[in-house]
Amino acid sequence: MKQKKKSDVAVLLDYAGSRRSLTFLGLALSAVSMLLGMAPYICIWLAARDLIAAAPDWTQAANVTAYGWMAFAFAMGGIVLYFAGLMCTHLAAFRTAANIRKQGVAHVMKAPLGFFDSNASGLIRGRLDAAAAETETLLAHNLADIVGTLTMFAAMLVMLFLFDWRMGAACLLAAVISVLTMFLMMGGKNAGLIAEYQAAQDRMTKAGTEYVRGIPVVKVFQQTVYSFRAFQKAIDEYSDKAEYYQANVCCVPQSVNLTFTEGAFVFLVPVVLFLAPGALAGGNFVGFIADFVFYAVFSAIISTALARIMFAASGMMLASTALSRINQVMDAPSLKVPERPQMPEDSRVEFENVSFSYEGAQTQALSHVSFTVEPGQTVALVGPSGGGKTTAASLIPRFWDVSDGAVKVGGVDVRHIDPSVLMDRIAFVFQNSRLFKASILENVRAARPEASREEVLSALKAAQCMDIVEKLPAGIDTQLGSEGTYLSGGEQQRIALARAILKDAPIILLDEATAFSDPENEVLIQKALTGLTKGCTVIMIAHRLSTVVGADRIIVLDQGHIAEQGTHRELIAAGGLYARMWTDYNQAVRWKITSEREVK
Ligand code: ADP
C-alpha cells in the first residue's frame, strides 16, 4: 500500500520533539480566541434589539449594560486566550528551531570532510539559520493565524445565516464577487503574465548583483557605460512589465475587489429595503432592524477575513522553503562508521588498486592506483595539474571514500578504522588549513585539546612561530581575526604547522604549494617542516621538483594513473614523463635566472 506523504508542516513539527503537543494546544487556543472575538457581535445584536424595542424610552432597555460588559468580557477573553496560545506555539517553535540547528549540525558533523569543499561551512550555516528562522515564524505565528482565520471564516459563514439568511446571503455575495475577481486577476492567461513579471524581477535582481560584484572590474577597466547597459535594460524591462501588469491586469479587478470587500453592505441595503415592507406587515419590525444593524456591523469583518486568508496562504509557502533548506543539509552524505573498528598497526600507507570518481564526473580522478609507503618514508606525488595528486592524498583521511579498491593505514582499510583514531594518526597541512577566530593558543590546541600551555609553546617554537607570538600584544593569548590582528599567509601557514607538530601524528600529508607560497617565510617553514616530519611517514604533494629530489620515492600521477615511480635517479635514468618534467623545470629555472640577469 502506498504510504501517505506527510505534509511539510507535519515534518517540521516532528522537530519539536516533546513540545509538539504544545503547538496543537496553541492552535486550539487560537481557534477558541477567534470564536470569543466573534461573540461581541452577538452582544451588539442583543443590545440593538433591546434598544429598538424600548425606543424612545431607553431606560426600559435594562440589559444593555450587561450586554456591553459581556461583549467586553468576550473580547478580553479572546485576547487573553490568543496570547496564551501564542505562548504555547512560541515555546514549541523555539524548541523546533533549536532542534533543526542541533540535528543539522550533528548530521553535517558525520559528513566526509570532502563534502565541505563543495559546500562551504558558511553556506550550510546560512541554510540552517534561514530554515530555523522560517520555521520559527511559521510555527509561532503563521500557523496560529491560519487556524484562527479558518475558524473565523467558518464562524463567519455560520453567523451570516444565523439571524436572517437573506441579509447574510447579500453580505456573502459581496465576498464571493471579491474572491472571483482575485481569481480572475491571477488565473487564466494572466498567470503567464505574472510569471513573466516575476522573471523580469529576478533578472533585475541578478543584474543588480552582477553590477555590484563587478564594480572593481568596472573601475579598473573604466567600463561604466558598457556594464551599466545590462543593468539598465533589466530595469527597463521590469518597469515595462510592471506598468503593463498594473494597467491591464490589476487595475479593474483590484478596484472591484476592494470596493466589494470594504463595502460589503452595498447589497445589504437594497435587500433590506426590499424586505422591509414584509417585515413591517409581519409584525416583527424590531427584530428586523436589529438584524440589519447586526449585518451592517458584521459585514466589516468580511474584508478582514479575506485579507487574512491571503496572508495565511503565503505563510504556508514558508513551510516548503524551510523544509527544502533543511533537506539540503540533511541530504549530506554521512561517513560510514565501522561497527567493529580495528586498530592500525603502524604508520604504513597502502593504496590497493584504488579507483575514485567525484560525484557527477565523467572520468575517474584515480584509476587502479597501487603503491605502498613504508613507515618513516617520504613519498612525493608529482605530475601534471589534474593528475590526481590531491585526490590521492584526500582519500587517506577519508575526505572521500574510494569507489573501488582500498586505502589502508597500518594494514587496516581506513573504512574499518574508527574515524577519530584515523584522524589522530594523520596531520595534514593542506591548502584549506584555516585558522579560527580564537586565540593562537586555542588555534594550535585544536589539534590536541588536552595539551598544556607549555606543549603549545614548544610546538610554536618548533614551527618557527616565536617571532609572530612576540610581536603580538597578548602573546599566544592574542585573539586572531579581531581588533585588527590578522596574520599574513605565510604566518598562518606556520601556525597551521605548529598545530600539526602539536598533534604529533605519525603520518603527515603535506601540500607543498601551501607550505612554500610565501618566499619570505620559506626558510622558516623549511626548518619547521624538518622538525615536523622527522621519523614520520610523509606524503607530499609536490609542485616544485627541486623539493622532491631527496624523497625516498616519487610517484608520477598522470590523468589518474601512475605513470611511473622510483627515486629521482631511477626516474631520470628511465627517461619518461618525470625526466621530461625535470628538463622543463630546469629550463624554467635557467630562464628565470637569465632573465633576472638581463633585467639587471
Ligand atoms: P592534482 O592535485 O594533481 O592537480 P586533482 O586530484 O585535484 O589533481 O584532480 C584530479 C581530477 O579530479 C581532475 O580532473 C579534477 O578536475 C577532478 N576534481 C578534483 N576535485 C574535484 C571535485 N571536488 N569535484 C569534481 N572533480 C574534481
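Every value quoted in this text rests on a predicted model; they were computed, and no experiment measured them.

Novice: Please explain the overall build of the protein as it appears in this structure.
Specialist: Broken down by element type, the protein carries 22 helices and ten strands. The globule rule puts the C-alpha radius of gyration for 600 residues at 25 Å, and the 37 Å found for the protein is more than 25% above it. In the protein, 76% of the contacts between residues at least 6 apart in sequence involve partners at least 24 apart. Roughly 32,100 Å² of accessible area belongs to the protein as shown, and the carbon and sulfur atoms make up 61% of that amount. Both charge centroids of the protein, one from 52 positive and one from 54 negative side chains, sit 1 Å from each other.

Novice: Even after reading the chapter, I still don't get the state of the cysteines, so can you show me in this structure?
Specialist: Think of a disulfide as a covalent bridge from one cysteine sulfur atom to another cysteine sulfur atom. Applying the stated rule across the entire model yields zero disulfides. The closest cysteine sulfur to the non-disulfide-bonded Cys250 is located on Cys251, 8.4 Å from its own sulfur. In this structure Cys250 comes out as buried when scored by relative accessible area, which is 14%. What makes Cys251 partly exposed here is its relative accessible area of 42%.

Novice: Mind showing me how you'd approach a nonpolar patch on the surface here?
Specialist: A cluster of nonpolar side chains, contributed by Trp69, Phe72, Met76, Ile79 and Phe83, occupies part of the molecular surface with about 570 Å² of accessible area. Note that Ile79 resides in helix α3 (residues 64-109).

Novice: Where do I start with the sheet that holds strand β1 (residues 349-356) in this structure?
Specialist: What holds strands together in a sheet is hydrogen bonding between their backbones, with the strands either parallel or antiparallel. Across the sheet, four strands lie side by side as β2-β1-β4-β5; this open sheet has antiparallel pairing. A single partner strand is all that each edge strand has here, and the edge strands are β2 (366-373) and β5 (412-413). Where strand β4 (residues 404-409) lies against β5, two bridges are found, and the strand directions are antiparallel. Opposite Val409, over in β5, you have Val412 as the bridge partner.

Novice: Got a minute to help me understand the packing of aromatic side chains in this structure?
Specialist: Any aromatic ring pair is given by two values, namely how distant the centres are and how the planes are angled relative to each other. Evaluated as defined, the whole model comprises 17 aromatic pairs. With 5.2 Å between their ring centres and 10 degrees between their planes, Phe294 and Phe298 make a pair best called stacked. A residue pair is termed a helical-turn pair when its members lie 3 or 4 positions apart in one helix, as Phe294 and Phe298 do in helix α11 (residues 285-298) at four residues. The pair formed by Phe294 and Phe298 is uniform in burial state, with each residue classed as buried. The interplanar angle of 85 degrees and the centroid separation of 4.9 Å between the aromatic rings of Phe356 and Tyr358 together place this pair among those described as edge-to-face. In this structure Phe356 comes out as buried when scored by relative accessible area, which is 4%. Linked through ring pairs, Tyr41, Trp45, Phe163, Phe294, Tyr295 and Phe298 together constitute an aromatic cluster. The aromatic ring of Phe436 is capped on one face by Arg499, whose charged end is 5.1 Å from the ring centroid.

Novice: So what exactly am I meant to see when it comes to the site of the ligand here?
Specialist: Taken together, the residues surrounding the ligand are Tyr358, Ala365, Pro384, Ser385, Gly386, Gly387, Gly388, Lys389, Thr390 and Thr391. Between the ligand and the protein, one listed contact pairs a nitrogen atom with a side-chain N or O atom of Tyr358 at 3.5 Å. Between Gly388 and the ligand, the recorded distance is 3.0 Å, taken from a backbone N or O atom to an oxygen atom. Protein contact buries 59% of the 550 Å² of open area that the ligand shows by itself. Its residues placed into classes, the shell around the ligand shows three nonpolar, six polar and one charged.

What counts and how
By convention here, each chain's residues receive numbers from 1 onward along its written sequence. Thresholds applied to this predicted model are a pLDDT of at least 70 for local features of residues and 80 or more for the giving and counting of side-chain atom pairs; totals over whole chains, interfaces and linings are not thresholded and use all residues. Just so you know, side-chain values use all the structure's heavy atoms and leave hydrogens and water out. Helical segments are the DSSP runs of H or I of at least four residues, strand segments are the runs of E of at least two, and each set is numbered from the N terminus. We compute the radius of gyration from the C-alpha atoms alone; for a globule the expected value is 2.2 Å times N to the 0.38, where N is the number of residues. Residues count as neighbours in contact if any of their non-hydrogen atoms are within 4.5 Å of one another. Values of accessible area rely on a 1.4 Å probe in the Shrake-Rupley scheme; residue burial ignores everything except the protein chains shown. Neither His nor the chain ends contribute to the count of charged residues, in which Lys and Arg are positive and Asp and Glu negative. Lys charges are placed at NZ, Arg charges at CZ, Asp charges at CG and Glu charges at CD. For the purposes of this analysis, a disulfide is any pair of cysteine sulfur atoms at a distance within 2.5 Å. A simple rule labels every residue: compare its accessible area, found with a 1.4 Å probe on the protein chains alone, to the largest value its type can have, and call it buried under 20%, exposed over 50%, or partly exposed in between. Patch definition: residues with relative accessible area over 30% and no salt bridge; like charges joined within 9 Å; nonpolar side chains (Val, Leu, Ile, Met, Phe, Trp, Tyr) joined within 5 Å. Salt bridges are defined by distance alone: a side-chain nitrogen of Lys or Arg within 4 Å of a carboxyl oxygen of Asp or Glu. Pairs of strands are assigned from DSSP output, requiring at least two bridges between the strands. Classification of ring pairs uses Phe, Tyr and Trp, with its six-membered ring standing for Trp, and accepts pairs whose centres are within 6.5 Å; under 30 degrees between planes counts as stacked, over 60 as edge-to-face, and the remaining range as tilted. Placement of a positive charge over a ring is assigned whenever Lys NZ or Arg CZ falls within 6 Å of the ring centre and within 35 degrees of the normal to the ring plane. Throughout, the term near means that a residue has one or more heavy atoms lying within 4 Å of the molecule or strand in question. Within 3.5 Å is the distance limit for a polar contact, defined as a pair of N or O atoms, with the added protein rule that one can donate a hydrogen and the other accept it, and that residues adjacent in sequence qualify only through two side-chain atoms. Three classes are used, and their members are as follows: Ala, Val, Leu, Ile, Met, Phe, Trp, Tyr, Cys and Pro are nonpolar, Asp, Glu, Lys and Arg are charged, and the others, Gly among them, are polar.

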